[in-house]
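The lines below spell out each chain.
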Amino acid sequence: MEQKLVFLDIDGTLVAPGEMQPPASAQDAIRRARARGHKVFLCTGRNRRMAEPLFPYGFDGYICSAGGYVVCDGTLLFDCPMEPAQSQGLRAALEQCGADYTLEVRDISYGAPSRILEQAMRRNTGDGMNSEAERWLKFWSDETRVRPLRAYQGEPIYKICYTAENTEQLAPVRALYEDQFVFCEQQMLRFSAGIVNGELINRKFNKGTGIQAICRALGASPADAIGFGDSENDLEMTDAVGISVCMANGSDALKKRCTRICPAVTEDGLAREFEALGLI
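The following paragraphs examine the structure supplied in this document. Note that the structure is predicted; figures quoted are calculated from it, not measured.

Of the positions making up helix α10 (residues 269-276), those classed as buried are G269, L270, A271, E273 and F274. Phi turns positive, to about 80°, at G278, one or two residues after α10.

Here it is as structure tokens:
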């Protein structure tokens, strides 16, 4: 089999949401695929710091911050933080409309548990959290990956994540910035249809442009690239690869765009699809 370039989203694809260790089957599949000459890359919305704990499992590079920071075989290919005026304006607009937000720089994040999410959870009982809410609660409790917003020192910002009571709350921010940023949103609580978690992704890049940069650097055809994902921020990835795979636990929107659907991350989905594709 000719060399393939395999791109793996992290949360919900390589690991269960909020976890930091891939299943043993996925670890083995990555090792075996690389031993056969294929290259395997992380392709994530996480910043570099949040992705770093996974580096020891063996990767040939990584696309972080949803395409804003791209490394292949140890070489930095692309580095595109927000312009200071953009990040300052976005922060002011989010504060004005009452949304909570987290700043993601390259090596740390700045934020705090969302008051909107906490208030909603206090008003309800039972198991109302979906995987996205669980992931964020685990993230906010990890002091090695997130610091208080007041500790922000002006480092370049690659991405801003927000929590809002409903998508309409962000209308003023969209009016100002939708031409510059993609507002990638999903619901956070099963018992509250309104509350959304969103990522502001610079329109100068996405996961697909990161894949294209790596293909160019390696002189490889995008037709030989395979992308695995599970959420809306993986949509652009499907246009940049020859084979796109959505996890069974993934979003309906992504399933409609992908060429294949594989078992869920909790059902050894990566390992089973690597074998089905002849990578191992």
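Structure's up, so let's keep going.
Turning next to the nonpolar core. By size, the foremost hydrophobic cluster in this structure holds 31 residues, and its most contacted members are L8, L14, L42, F228, L270 and F274. Residue assignment for this core shows that the elements contributing at least two residues are β1 (5-8), α1 (24-35), β2 (39-43), β3 (61-64), β4 (69-72), β12 (225-229), β13 (243-247) and α10. With 4 residues, α1 is the largest single contributor of residues to this core. Setting aside anything within four residues of it in sequence, one finds F274 in contact with V6, L8, A29, I30, A33, F228, L279 and I280. In this structure, C97, I160, F181 and V196 belong to the second largest nonpolar core, which totals 23 residues.

Within β2, 5 of the 5 residues are buried, leaving the element largely enclosed by the surrounding structure. Of the two faces of β2, the one holding K39, F41 and C43 and the one holding V40 and L42 are both buried throughout. Here 4 bridges tie β1 to β2, and the two strands are oriented parallel to one another. Each bridged residue has a counterpart across the sheet, and for L8 the counterpart in β2 is L42.

With that settled, consider the environment of Q86. Along the chain, Q86 falls in helix α3 (residues 84-97). Of the residues examined, Q86 reaches a relative accessible area of 8% and is grouped as buried. Sequence separation between Q86 and Q180 is 94 residues; the distance between their C-alpha atoms is 8.9 Å. For Q86, the contacting residues outside a window of four places in its chain are Y177, Q180, F181 and N202.

A separate point is the pairing of β12. With 5 of 5 residues buried, β12 is to be regarded as a mostly interior element. The two faces of β12 match: A225, G227 and G229 on one face and I226 and F228 on the other face are all buried. In the sheet, β1 pairs with β12 via 4 bridges, with the strands oriented parallel. The partner of L5 across the bridge, within β12, is A225. Where β12 meets β13, 4 bridges bridge the pair, whose relative direction is parallel. From the neighbouring strand, F228 faces β13, where its bridge partner is V245.

A positive phi angle is found at S65, which is not glycine, with a value near 55°. For S65, the location among the structural elements is in the loop between β3 and β4. Within the chain, A66 stands out as a residue other than glycine whose phi angle is a positive 55°. Using a relative accessible area of 1% as the deciding quantity, one classes A66 as buried.

Rules used throughout
- Residues numbered from 1 in each chain as written.
- Predicted model: local features only at pLDDT ≥ 70, side-chain atom pairs only at ≥ 80, totals over all residues.
- Heavy atoms only, no water.
- Buried < 20%, exposed > 50% of the residue type's maximum accessible area, 1.4 Å probe, protein only.
- Helix = DSSP H or I, 4+ residues; strand = E, 2+ residues; numbered from the N terminus.
- Core = buried A, V, L, I, M, F, W, Y, C linked by side-chain atoms within 4.5 Å.
- Contact = heavy atoms within 4.5 Å.
- Pairing = 2+ DSSP bridges.

Read these as geometric descriptors, not functional statements.
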